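The chain contents come next:
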Amino acid sequence: MVNYTKLIFEQSVQGRMGYSLPEAVFPCYSIKQLSSSILRHSSLDLPEVSELDVLRHFTNISNKNHGVETGFYPLGSCTMKYNPKMNEEIASYPAFNQLHPLQSPLQVQGVLKVYDELSRILSEISGLAAYSLNPFAGSQGELTGLMIMKAYHESRGDFKRTKVLVPDSAHGTNPASVAVCGMQVIEIKSTDKGTVDLEDLKNHLSDEIAGMMLTNPNTIGIFEKDICEISKVVHETGGLMYYDGANLNALLGMARPGDMGFDIMHINLHKTFSTPHGGGGPGSGPVGVVEKLVSFLPNPRVKHQDGMYYVEHSKDALGQVSGFFGNFKVWLRAYVYILSLGKEHIKEVGPLATLNANYIKDSIKDDYYLPIEGFCMHECVFDGLIDQSTGVKTLDVAKRLLDFGFHAPTIYFPLLFHQSIMIEPTEVESKQTLDEFIQAMKLVAHEARTNPDVVKNAPHTTPISRIDEVYAAKKMILTYKDYLAECALQK
Ligand SMILES: *Cc1c(COP(=O)(O)O)cnc(C)c1O
């Protein structure tokens, strides 16, 4: 293994050079003339490689990656969809590339217009009064939304409300955001149909409840039919309703959280509204609110008056949650994506995403255990293989799928089931791709019965096979030199 890594990563050959500069025409520009105080000394331990070595190295590494542009990526609760190249092209225009965060608003009227119009479009899509595009991620949007919830209660002199209701099926960021915001999580049970248990909810309502966090369709892809009743009882006790809108695919153009009684929500532009994401790339988690909460939205805000756009800092606002408008291009991609679909076609996203998820769900339910029967929305959840007699687990199935060129679905989430497999195909996949995936899932189930070791030892075709994920997370080894040192230590 050491040699293998060395083979890929150790490219340095003493004396090899990437680029040699010609002698300067004007001697004063020659490196030889530079004062030694500004020259870096040669003691730095940098690889000595040619341009071609570097190019091949990075191209080969990138080819080992799996992305939505190399294959199917059915990651439930994460909406990995194709990002149309038109968005990328527009986001790469030199005029946008050369923006500076300290430019005067007068010089960036177009940027502010995109902010203003995208906020209005999101308001219309979600049925809320106004948006701030400032948060950099879904989770930061959640925190911002909860801070608004807290500020609202405190502005009314109501300091008792420190508890937030969160269903047991919720995405992990929900309870985490509540805790980071200094409030307490109250977990609400799900029924055996996978929806909020109304009785359990009612038993937890009190004048200490700041609000409830929910997503609908919920995290197992089921629509909460009682949503109006849920909003009503939470509002009656003085709480606010928070909608986790990270994945809006199923709703787009069909239903609006604002109409279901939600007061605050965030949207992940980098999931539903097309921006490449993963690996901590640039994100955007706009936060929307109903009319009575608009004054709490964070600074800075973009206003439009008398044909001019300007940036305003309001003293009622939460303050600032992010530096400048650093993720402008994520908004721009979302803006182009929404306008290119238009009002008519954005309505097709939800039904197609739902159809694709149901097609997969129905096609593999003889091999994988469906804990919740019936219609699902944009994603479906299985609880491992039906036949577990040979000991093949969800992790093994996920690893074996890699051998067939698919990214694994989300596994072991939601926590409601022990062997969760959560599949979200999105609207962009063709029937051919879905059929190939279904065939692979059925084949893995067949192998699990007839030749379980091939599944238990998968993957067999990837550059490295199974990794010790716990060890990898606890002991971060980020360079190959650290890796070699670690190998030497273990010997
Ligand atoms: C992805 C996701 C989040 C968090 O979004 P980030 O941008 O990754 O912080 C929150 N809730 C749900 C349901 C999600 O799927």
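Computed from a prediction, not measured in an experiment: that's the story for all the values here. (Residues numbered from 1 in each chain as written. Predicted model: local features only at pLDDT ≥ 70, side-chain atom pairs only at ≥ 80, totals over all residues. Heavy atoms only, no water.)

A. Structural context of the overall build of the protein chain. Broken down by element type, the protein chain carries 15 helices and twelve strands. On the principal axes, the C-alpha backbone points of the protein chain span a range of 80 × 70 × 45 Å. Looking at the protein chain residue by residue over its 491 residues, the buried ones come to 48%. In the protein chain, the share of contacts with a sequence separation of at least 24, taken over all contacts with a separation of at least 6, comes to 68%. Summed over its atoms, the accessible surface of the protein chain is roughly 24,900 Å², and 57% of this surface lies on carbon and sulfur atoms. (Helix = DSSP H or I, 4+ residues; strand = E, 2+ residues; numbered from the N terminus. Buried < 20%, exposed > 50% of the residue type's maximum accessible area, 1.4 Å probe, protein only. Contact = heavy atoms within 4.5 Å. Areas by Shrake-Rupley, 256 points an atom, 1.4 Å probe, with all protein chains shown as cover.)

B. How the structure looks around the domain arrangement of the protein chain. Partitioning the protein chain into domains gives domain 1 (87-346) and domain 2 (348-472). Computed over C-alpha atoms only, the centres of domain 1 and domain 2 are separated by 30 Å. Facing 26 residues of domain 1, the contacting portion of domain 2 comprises 21 residues. Summing both sides of the interface, domain 1 and domain 2 together bury roughly 1,600 Å²; the carbon and sulfur share of this comes to 63%. Summed over the shared surface of domain 1 and domain 2, the number is zero salt bridges. Scanning the region where domain 1 abuts domain 2 turns up five residue pairs in polar contact (both at pLDDT 80 or more). Each residue belonging to the side of domain 1 that touches domain 2 can be placed in one class, and the counts come to eleven nonpolar, eleven polar and four charged. (Domains from an automatic or database assignment. Buried area = accessible area lost by both parts, 1.4 Å probe. Salt bridge = Lys/Arg side-chain N within 4 Å of Asp/Glu carboxyl O. Polar contact = N/O pair within 3.5 Å; in protein donor to acceptor, adjacent residues only side chain to side chain. Nonpolar A, V, L, I, M, F, W, Y, C, P; charged D, E, K, R; others polar.)

C. View of the pairing of strand 12 (residues 420-423). Alternating positions in strand 12 separate into two faces, Ser 420 and Met 422 on one and Ile 421 and Ile 423 on the other, with burial throughout. Taken together, the four bridges between strand 10 (residues 380-383) and strand 12 define a ladder with antiparallel strand orientation. If you follow Cys 380 over to strand 12, its bridge partner there is Ile 423. The pairing of strand 11 (residues 410-411) with strand 12 spans two bridges and is classified as antiparallel. The partner of Thr 410 across the bridge, within strand 12, is Met 422. (Pairing = 2+ DSSP bridges.)

D. The packing of helix 11 (residues 394-403) against helix 12 (residues 431-450), seen in detail. For the pair helix 11 and helix 12, the least separation of the axes is 10 Å and the interaxial angle reads 125°. Classified by the interaxial angle, the pair formed by helix 11 and helix 12 is oblique. Seen from above, helix 11 lies across helix 12 with right-handed handedness. Contacts between helix 11 and helix 12 involve Val 397, Arg 400 and Leu 401 from the former and Phe 437, Ala 440, Met 441, Val 444 and Glu 447 from the latter. Residues that form the contact of helix 11 with helix 12 fall into these classes: six nonpolar, no polar and two charged. (Axes fitted to C-alpha atoms, helices over the stretch in contact; angles between N-to-C directions. Parallel < 35°, antiparallel > 145°, perpendicular 65-115°, else oblique. Left-handed = near helix turned anticlockwise from the far one by under 90°.)

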